[in-house]
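Next come the chains, spelled out residue by residue.
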Amino acid sequence: MSSGSKQHFKQFSIDSVQDACIALGSLISGALVHYEKYKEYSNEANALLENCDTEYIAAKDYDDINDKLLYRQHEILKLSADHQSSSFSYKDLRKLLEKKSYILTPLSDEITEILNELLDVRNWTFHNSQSLMVAAKEAAEKNIPPELKGITKIVPQLNPILIAKVERYELLMLASLTIHTKKRIEQFDAVIKSMKDDYQEMYSSIKDKSLLMASHSFSDKVQYIERPITSQLVGYQSDIVQISMAIQKSKYDGTNQAFNDWVLRFQNNPKNEDEKNF
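Residues numbered from 1 in each chain as written. Predicted model: local features only at pLDDT ≥ 70, side-chain atom pairs only at ≥ 80, totals over all residues. Heavy atoms only, no water.

## What about the overall build of the protein?
Reasoning step 1: A count of helices and strands for the protein gives nine helices and four strands.
Reasoning step 2: Here the protein holds 278 residues, and the buried ones make up 31% of them.
Reasoning step 3: The long-range fraction of contacts in the protein, counting pairs at least 24 apart against all pairs at least 6 apart in sequence, stands at 70%.
Reasoning step 4: Of the roughly 19,000 Å² that the protein leaves accessible, carbon and sulfur atoms contribute 54%. (Helix = DSSP H or I, 4+ residues; strand = E, 2+ residues; numbered from the N terminus. Buried < 20%, exposed > 50% of the residue type's maximum accessible area, 1.4 Å probe, protein only. Contact = heavy atoms within 4.5 Å. Areas by Shrake-Rupley, 256 points an atom, 1.4 Å probe, with all protein chains shown as cover.)

## Concerning the packing of aromatic side chains
Reasoning step 1: Per the stated rule, a full pass over the model turns up three aromatic pairs.
Reasoning step 2: Here Y199 and Y203 contribute two aromatic rings whose centre-to-centre distance is 6.5 Å and whose plane-to-plane angle is 15°, an arrangement assigned as stacked. Note that Y199 and Y203 are positioned in helix α6 (residues 171-205) at a spacing of four residues, about one turn of the helix. We note that Y199, like Y203, is buried.
Reasoning step 3: We note R168 situated over the ring of Y56; from NZ or CZ to the ring centre the distance is 3.7 Å.
Reasoning step 4: The aromatic ring of Y203 is capped on one face by K209, whose charged end is 5.3 Å from the ring centroid. (Phe/Tyr/Trp six-rings, centres within 6.5 Å; stacked < 30°, edge-to-face > 60°. Lys NZ or Arg CZ within 6 Å of the ring centre and 35° of its normal.)

## Concerning the environment of H34
Reasoning step 1: Following the sequence through the fold, H34 ends up in helix α1 (residues 17-51).
Reasoning step 2: Judged by its relative accessible area of 12%, H34 falls in the buried class.
Reasoning step 3: Distance in space between the C-alpha atoms of H34 and I76 is 6.4 Å, their sequence separation being 42 residues.
Reasoning step 4: Among all residues touching H34, those that are not within four sequence positions of it are Y71, R72, E75, I76 and L79.

## Focus on the packing of α1 against α6
Two quantities define a packed helix pair, namely the angle between the axes and the distance from one axis to the other.
Reasoning step 1: Running from N to C, α1 and α6 cross one another at 160°; their axes reach a closest spacing of 9 Å. Of the possible angle classes, the one that applies to α1 and α6 is roughly antiparallel. Classified by chirality, the crossing of α6 by α1 is left-handed.
Reasoning step 2: Split by residue class, the contact of α1 with α6 holds 23 nonpolar, seven polar and five charged. (Axes fitted to C-alpha atoms, helices over the stretch in contact; angles between N-to-C directions. Parallel < 35°, antiparallel > 145°, perpendicular 65-115°, else oblique. Left-handed = near helix turned anticlockwise from the far one by under 90°. Nonpolar A, V, L, I, M, F, W, Y, C, P; charged D, E, K, R; others polar.)

## A look at the pattern of salt bridges
Reasoning step 1: Using the criterion set out here, one finds 13 salt bridges in the structure.
Reasoning step 2: E40 is paired through a salt bridge with K37; the nearest N and O atoms lie 3.2 Å apart. Of the two residues, E40 and K37 are both situated in helix α1; the distance of three residues between them amounts to about one turn of the helix.
Reasoning step 3: Overall, the relative accessible area of 36% leaves E40 in the partly exposed class.
Reasoning step 4: The partner of E98 in a salt bridge is R94, with the nearest N and O atoms 2.8 Å apart. On the criterion of helical spacing, the pair formed by E98 and R94 is a turn pair, its members being four residues apart in helix α3 (residues 90-99).
Reasoning step 5: Owing to a relative accessible area of 33%, E98 belongs among the partly exposed residues under this scheme.
Reasoning step 6: Bridged by salt links that share partners, the residues R94, E98 and D198 form one connected network. (Salt bridge = Lys/Arg side-chain N within 4 Å of Asp/Glu carboxyl O.)

## As for the nonpolar core
Reasoning step 1: Core analysis: the biggest nonpolar cluster contains 49 residues, and L24, L97 and M202 have the highest contact counts within it.
Reasoning step 2: Those elements that place two or more of their residues in this core are α1, α2 (59-80), α3, α4 (109-126) and α6.
Reasoning step 3: For L97, the contacting residues outside a window of four places in its chain are I14, A20, Y102, I103 and M202.
Reasoning step 4: Grouped together as the second largest cluster of nonpolar side chains are seven residues, I243, A246, Y252 and W262 included. (Core = buried A, V, L, I, M, F, W, Y, C linked by side-chain atoms within 4.5 Å.)

## Description of a nonpolar patch on the surface
Reasoning step 1: Together, F12, I22 and F88 make up an exposed nonpolar region whose accessible area comes to about 280 Å².
Reasoning step 2: Note that I22 resides in helix α1. (Patch = residues over 30% accessible without salt bridge, like charges linked within 9 Å, V, L, I, M, F, W, Y side chains within 5 Å.)

## What about the packing of α1 against α2?
Reasoning step 1: Closest axis-to-axis distance for the α1/α2 pair is 9 Å, and the angle between their directions is 160°. Viewed along their axes, α1 and α2 adopt a mutual orientation that is roughly antiparallel. Viewed along their axes, α1 and α2 form a crossing whose handedness is left-handed. Residues L27, G30, A31, H34, Y35, K37, Y38, Y41, S42, E44, A45 and L48 of α1 form the contact with α2, whose own contacting residues are D61, I65, K68, L69, Y71, R72, Q73, E75, I76 and L79.
Reasoning step 2: For the contact of α1 with α2, the residue count by class is 12 nonpolar, four polar and six charged.

## Overview of the confidence of the model for the protein
Reasoning step 1: With 88% of its residues at a pLDDT of 70 or more, the protein has an overall mean of 87.
Reasoning step 2: Note that residues 269-278 has pLDDT below 50 and, in this model, 14 contacts with residues that lie over four places away or in other chains. (pLDDT = per-residue confidence, 0-100.)

Pasting the structure below:
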């Protein structure tokens, strides 16, 4: 990539249907990886529920699965329904692709509704600190018994600060989690199918493209093939992460010097090691 202004690298430019395929293909690839792990962890939650014969479940057993599910859900939400100036999710990308007429098929009402709900989930899980504090105050006030309303005042606990550490969960919490993940799997599956359909539509519209050899003839049907790789500390994938951080910090201008200053190389003695190792 040639050099340019630092702001130039803040966004991925979509000036052709090929660019559109690159962008959507990247979202599909990432979503599929996290979706498969989400289903795997959902199965773990179901197995834990089926094998539990007590009224409560240890916090570690519940948290270990719930934390994994939340991480994968977080990543899928970023790729599918995030909506902010620096985001690049399917929800926003598709609007752009329709505007540029790279996609002519309208988004179905079902997928639109799902994406709107996922955006609500994203907003709640990403920015719920203040809403939780307000909700806690509301819940305390609303739980005052009717006979004590008007004569009882909620007094905040200022000292000591109480730290709620869950030691066990009611089994119904785990049952609720499995129901929740089942719904999310259905939603994620529908959204990913919509993403694939859109990609196929755009890819089919490209003229003079290479075709794949199917069983009896050539085909322009998009294939999804898993490619096992080894994640390494130093290499192409590591370079992507490092340069992405530089772009976010507005410190990358596309020059070889800027690239070499940011990518991690054991043989180098980087000047800004504190910024590069994050």
